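# Reading the structure
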Amino acid sequence: MRVVSGIQPTGNLHLGNYLGAIKNWVKMQEQGECYFFLADLHAITVYNEPNILRANTREMAAALIAAGIDADKSVLFNQAQVPGHAELAWLLFCTARIGWLNRMTQFKEKSGKNREGASVGLYAYPVLQAADVLIYQASHVPVGEDQKQHLELARDIATKFNTDNNKEIFTLPEPFISGPAARVMSLRDGASKMSKSDPSEASRINLSDDDDVIVQKIRKAKTDAEALPETMDELKDRNEARNLIAIWAALDNVEPQKILDQFAGQGFGAFKPALADRLVAAMNPIRTKFVELKQDIDTIDAILAKGAEKARETAAPTVNAAYEAMGLLR
């Protein structure tokens, strides 16, 4: 099994990033051959200050390594160091159909009311996503609910390319199911996703937060006055309480009901300190390594360069085969 997945390099990494994606990646590398990339080519579909993008790419690499991605077990790199991603994307742009892209729902969400002012890259980036996985002959791709449509597009493009050229150039990737990814909500509003763009620092736990800050943020997290019930169904309309239970469950890789079983009938005066202790225990070693590693630019660059070399080596036969199938002289 070969798994391929990418993550955009964003600054101010928080608990939602860790539990929602990075923690699952760490498990994946024990289950198959993994290619994990920092999607810096996807990041530029909107404007990025160049120095900030470079810093964010290194910071994301540091976070992945601190969280448990082993560069000796997995191939870790950034897209921009593997030109094959962009090369293959152009070949696939000439294979994909406009009608297929018009059905992609995320462009409408990302462009909002400014569709005419959005970049072509923002419109067409699902084709680059297809190239990202097809270039490595990925057998499996981890996808959340919001990305299933894009994996289906990748399979459609691969099928059409193979059919048009009468050659089996690309493997059709299957979705990788590793259990539901945690959806971590704001500590100030249980109906909103935890986000770096929230102006309130109290809304999120950053990977760089020290132990005391984590404890304070959990203590001040919005909750209600009711005791915790016996079942998750009874938390249906209590967004903040459900979020805190879900955070602990994601940390321990258990169902939320198991955490609730421990605290049913108790109030948040008992639950919050226990959750804070659990978070500190989980995040302290990650934060310590993250803070140390993100200052060591040479080490980060060396790890990304090593990964990129391996990625280029793996990608080359597929890119060459695609060029040849289309009759392009190289």
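Named according to an unreviewed UniProt entry, the protein is Tryptophan--tRNA ligase originating from Sphingorhabdus lutea. UniProt lists a comment for the protein under the heading Subcellular location (unreviewed entry), and it reads "Cytoplasm".

Turning our attention to the environment of Gln266. You can see Gln266 is positioned in the loop between α11 (256–263) and α12 (268–293). On the accessibility criterion, Gln266 (32% relative accessible area) is partly exposed. The spacing of Gln266 and Ile65 is 201 residues in sequence and 37 Å in space, taken between C-alpha atoms. Apart from residues no more than four positions distant in its own chain, Gln266 is found in contact with Ala227 and Leu228.

Counting residues in hydrophobic clusters, the biggest one holds 59 residues, and the most contacted among them are Leu15, Tyr18, Leu64, Leu228, Ile247, Phe271 and Leu279. With 11 residues, α12 is the single largest residue contributor to this core. Each of domain 1 (2–182 + 296–326) and domain 2 (201–292) accounts for three or more of the residues forming this core. Sequence-distant contacts of Ile247, that is, excluding residues within four places in its chain, are made with Leu15, Leu19, Val184, Leu187, Leu275 and Leu279. If you look at the next biggest cluster of nonpolar residues, it comprises 41 residues, including Tyr35, Ala39, Leu91 and Val319.

A few words on the pairing of strand β1 (residues 2–7). Note: β1 against strand β2 (residues 33–38), 6 bridges, orientation parallel. What sits directly across from Val4, in β2, is Tyr35.

Another aspect to go through is α11. Taken together, the buried positions of α11 are Ile259, Leu260 and Phe263. Buried residues along α11 cover an arc of 100° about the axis, so they all sit on one side. Opposite its buried face, α11 presents the exposed residues Lys258 and Asp261, each directed more than 90 degrees away. Contacts made by the buried residues of α11 are with α10 (239–252) and α12. One or two residues past the end of α11 sits Gly265, with phi positive at roughly 90°.

Attention now goes to the domain arrangement of the protein. In many reports, interface size means the accessible area that the parts give up when they come together. What the domain assignment reports for the protein is domain 1 (2–182 + 296–326) and domain 2 (201–292). Here the C-alpha centroids of domain 1 and domain 2 sit 31 Å apart. Of the residues lining the interface, 16 residues belong to domain 1; the matching set on domain 2 comes to 14 residues. Of the roughly 1,300 Å² buried at the junction of domain 1 and domain 2 (both faces included), carbon and sulfur atoms supply 72%. Interface area lost by domain 1 to domain 2 is led by Leu15, Lys23 and Ala66, which between them contribute 38%. The interface formed by domain 1 and domain 2 includes 0 salt bridges. Our count for the domain 1 to domain 2 interface comes out at 4 residue pairs in polar contact (both at pLDDT 80 or more). For the side of domain 1 that touches domain 2, the elements supplying multiple residues, two or more each, are α1 (15–28) and α3 (50–67). Looking at the side of domain 1 that touches domain 2 element by element, the count peaks at 6 residues for α3.

UniProt records the feature "binding site: L-tryptophan" (unreviewed entry) for Asp132 in the present numbering. Mapped onto the elements, Asp132 comes out in helix α7 (residues 120–134). Excluding its chain neighbours within four sequence positions, the residues that come into contact with Asp132 are Val4, Phe37, His42, Gln79 and His85. Engagement of the side chain of Asp132 in a polar contact is seen with the side chain of His42, the distance being 2.7 Å.

What follows is about a positive patch on the surface. A surface patch of like charges, here positive, comprises Arg188, Arg219, Lys220 and Lys222. With respect to the element layout, Arg219 can be found in helix α9 (residues 211–220).

Time to look at the pairing of strand β3 (residues 75–78). Because side chains alternate across β3, one face comprises the buried residues Val75 and Phe77, and the other comprises Leu76 and Asn78, equally buried. Judged from the 4 bridges that link them, β2 and β3 form a sheet pairing that is parallel. Of the residues in β3, the one forming a bridge with Leu38 is Asn78.

Thresholds applied
- Residues numbered from 1 in each chain as written.
- Predicted model: local features only at pLDDT ≥ 70, side-chain atom pairs only at ≥ 80, totals over all residues.
- Heavy atoms only, no water.
- UniProt positions renumbered as here; feature names shortened; annotations may be inferred.
- Helix = DSSP H or I, 4+ residues; strand = E, 2+ residues; numbered from the N terminus.
- Buried < 20%, exposed > 50% of the residue type's maximum accessible area, 1.4 Å probe, protein only.
- Contact = heavy atoms within 4.5 Å.
- Core = buried A, V, L, I, M, F, W, Y, C linked by side-chain atoms within 4.5 Å.
- Domains from an automatic or database assignment.
- Pairing = 2+ DSSP bridges.
- Arc of directions from axis to C-beta.
- Buried area = accessible area lost by both parts, 1.4 Å probe.
- Salt bridge = Lys/Arg side-chain N within 4 Å of Asp/Glu carboxyl O.
- Polar contact = N/O pair within 3.5 Å; in protein donor to acceptor, adjacent residues only side chain to side chain.
- Patch = residues over 30% accessible without salt bridge, like charges linked within 9 Å, V, L, I, M, F, W, Y side chains within 5 Å.
- Areas by Shrake-Rupley, 256 points an atom, 1.4 Å probe, with all protein chains shown as cover.
- Lys, Arg positive; Asp, Glu negative; His and termini not counted.
- Charge placed at Lys NZ, Arg CZ, Asp CG, Glu CD.

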